[in-house]
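# Notes for the structure review
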Amino acid sequence: MSRFFRILPHVLFSIITLAGAAWSATALWLNTDGALRTFALALLVALVLGALRVQFHKRRLGWALLAVTALVVLGWYQTITPRADRLWAPDVAHGVTARVAGDQVTLSNLRDFDWQDRDTATEAWVSQTYDLTQLDSVDMFTSVWSNPDIAHLLVSFGFTDGEQVAFSVEIRREADEVFSEVGGFFRQFELVLIGAKERDIVKLRADHRGEDVRMFSVDLSPEHRRQMFMSYVELAQDLEAAPQFYNTISANCTTVVYGLARNLQSDLPIDSSLILSGRLPRYLENLGVLGGEGSLQDRYDAALLPTGAEALHPGLSYSQAIRAGR
């Protein structure tokens, strides 16, 4: 037993050191390149091995070396700041911006792409003014591409004139980047709020990407609909003023919407669906705001959008076609 207590501090030191080294190496790999990456990783390995070796002979010196290494890595990590001036992928080249004048909200940089396939589109960024007194509905779209428990979330607002505008919180990829869940933990991506026409952002996922896209109505009072819309407006203004990082857990398409929804109900419960976003309909049902009739399973089944909705309903716009018969 006495031997166990003698080696326990060394075991704990080794676990802490190796865990910190793994985190640091991942952060360095994702946020540096070239000669700087090679030098930084080599220096990290040398410092970690040095700390492990020293600790077995001079415990306090080992902890001191580990603390210095941690401070150096964390100091460097804090220098990584979000930017708005990178060469972005075309579909996230602009975040939506908003100007408010009474009941009138003008959204600029609204995406209105005409997609030919999942990667090719005729690009268009437009501006449009919306009258908040005519705000009539809120719909939530979940888009699943693999695991049914994981979905991308979009929220669309409808107006009495038939106009719809959808908001989507997304990673802002650079032109040569692809999404990585791991990178989302390590400040690899900025966060962007996309405002778009449904014929762009919903049709892309349902028709061209082949994702399972479901639309659920959300029952909110006129006051709460307006507050929710204005929450997105305020987020757009915040991101325009100062860019932010995307985070796979704390700042993603679901948790950001949760933060906005807290403007409506400050005591909203924390739920696993904030991570397992495919379960959001059940969360909304438990809150009493999920629209539709029948059981939750009935509404879930009925919510699936068809592929080629416009062809199924000739003469209707895309937004009208996906709502036909509902």
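So, a few notes on the structure that sits alongside this text. These figures come from a predicted structure and were not determined experimentally.

## Section: the overall build of the protein chain
- For the protein chain, the helix and strand inventory stands at 10 helices and 10 strands.
- Counting only residues that meet the buried cut, the protein chain has 43% of its 326 residues in that class.
- The long-range share in the protein chain, meaning contacts at least 24 apart out of those at least 6 apart in sequence, stands at 64%.
- When the accessible surface of the protein chain is totalled, it reaches about 16800 Å², and 57% of it is carbon and sulfur.

## Let's talk about the pairing of strand β6 (residues 135–144)
- Burial within β6 is extensive, with 8 of its 10 residues counted as buried.
- In this sheet, strand β7 (residues 152–159) lies alongside β6 in antiparallel orientation, the contact comprising 8 bridges. When the sheet's bridge partners are listed, Met-140 is paired in β7 with Val-155.
- Across 6 bridges, the pairing between β6 and strand β10 (residues 212–217) is antiparallel.

## Some details on a nonpolar patch on the surface
- A cluster of nonpolar side chains, Ile-7, Val-11, Leu-12, Ile-15, Ile-16 and Trp-63, forms an exposed patch at the surface whose accessible area comes to about 520 Å².
- Considering every element that reaches the nonpolar patch, the biggest residue donor is helix α1 (residues 2–31), with 5 residues.
- Turning to its location among the elements, Ile-15 is positioned in helix α1.

## Looking at the nonpolar core
- Core analysis: the largest hydrophobic core is formed by 40 residues, its most contacted members being Val-105, Leu-107, Phe-157, Val-165, Phe-167, Leu-193 and Phe-229.
- Of the residues forming this core, the biggest block, 8 residues, is contributed by helix α5 (residues 222–241).
- With near-sequence residues (within four places) excluded, Leu-107 lies in contact with Val-96, Thr-97, Ala-98, Val-126, Ser-127, Gln-128, Tyr-130, Val-165, Phe-167 and Phe-229.
- Core analysis: the next-biggest nonpolar cluster, separate from the first, contains 18 residues, Leu-154, Ala-206, Ala-309 and Ile-322 among them.

## Considering the packing of aromatic side chains
- Per the counting criterion, the structure on display carries 14 aromatic pairs.
- Judged by centre distance (5.3 Å) and plane angle (80 degrees), the ring pair of Phe-113 and Trp-125 falls under edge-to-face. Of this pair, Phe-113 sits in the loop between β2 (104–111) and β3 (114–115) while Trp-125 is found in strand β5 (residues 125–131), placing the two residues 12 residues apart along the sequence.
- The exposure class of Phe-113 is buried, given its relative accessible area of 3%.
- Taken together through their ring pairs, the aromatic side chains of Tyr-130, Phe-157, Phe-159, Phe-167, Phe-229 and Tyr-232 make up a single cluster.
- If you follow Arg-37 out to its NZ or CZ, it ends over the ring of Trp-29, 3.9 Å from the centre.
- Above the ring of Phe-113, the side-chain terminus of Arg-111 is found at 5.4 Å from the ring centroid.

## What to know about the pattern of salt bridges
- For the structure shown, the criterion picks out 14 salt bridges.
- Here Glu-240 and Arg-99 are joined by a salt bridge, their closest N and O atoms 2.9 Å apart. Of this pair, Glu-240 sits in helix α5 while Arg-99 sits in strand β1 (residues 97–101), and the two are 141 residues apart along the sequence.
- Here Glu-240 falls in the partly exposed class, since its relative accessible area comes to 41%.

## Some remarks on the side chain of Glu-177
- Topologically, Glu-177 is positioned in the loop between β8 (164–172) and β9 (190–196).
- Of note is the side chain of Glu-177, whose polar atom sits 2.8 Å from the backbone nitrogen of Glu-174.

## Comments concerning helix α3 (residues 59–77)
- Compared with an ideal rise of 1.5 Å per residue, which puts 19 residues at 27 Å, α3 spans 27 Å between its outermost C-alpha atoms and is within 8% of the ideal.
- Buried within α3 are the following residues: Gly-62, Leu-66, Thr-69, Val-73 and Tyr-77. Around the axis of α3, the buried residues are gathered within 75 degrees of arc, so they sit on the same side. Structural note: α3 exposes Arg-60, Leu-71 and Val-72 on the side pointing more than 90 degrees away from its buried face.

## A few points about the environment of Leu-191
- Note on placement: Leu-191 falls in strand β9.
- Among the residues examined, Leu-191 registers a relative accessible area of 6% and is labelled buried.

## Description of the pairing of β8
- Of all 9 residues in β8, 9 are buried, a share of seventy percent or more.
- As judged from the 4 bridges shared by β7 and β8, these two strands associate in the antiparallel manner. Each residue of the ladder has a partner; that of Phe-157, found in β8, is Val-165.
- Between the end of β7 and the start of β8, which pair antiparallel, lie 4 residues, with Gly-162 showing a positive phi angle near 95 degrees.
- Pairing analysis gives 7 bridges linking β8 to β9, with the strands arranged antiparallel.

The rules behind the values
Residues numbered from 1 in each chain as written. Predicted model: local features only at pLDDT ≥ 70, side-chain atom pairs only at ≥ 80, totals over all residues. Heavy atoms only, no water. Helix = DSSP H or I, 4+ residues; strand = E, 2+ residues; numbered from the N terminus. Buried < 20%, exposed > 50% of the residue type's maximum accessible area, 1.4 Å probe, protein only. Contact = heavy atoms within 4.5 Å. Areas by Shrake-Rupley, 256 points an atom, 1.4 Å probe, with all protein chains shown as cover. Pairing = 2+ DSSP bridges. Patch = residues over 30% accessible without salt bridge, like charges linked within 9 Å, V, L, I, M, F, W, Y side chains within 5 Å. Salt bridge = Lys/Arg side-chain N within 4 Å of Asp/Glu carboxyl O. Core = buried A, V, L, I, M, F, W, Y, C linked by side-chain atoms within 4.5 Å. Phe/Tyr/Trp six-rings, centres within 6.5 Å; stacked < 30°, edge-to-face > 60°. Lys NZ or Arg CZ within 6 Å of the ring centre and 35° of its normal. Polar contact = N/O pair within 3.5 Å; in protein donor to acceptor, adjacent residues only side chain to side chain. Expected span 1.5 Å × (residues − 1). Arc of directions from axis to C-beta.

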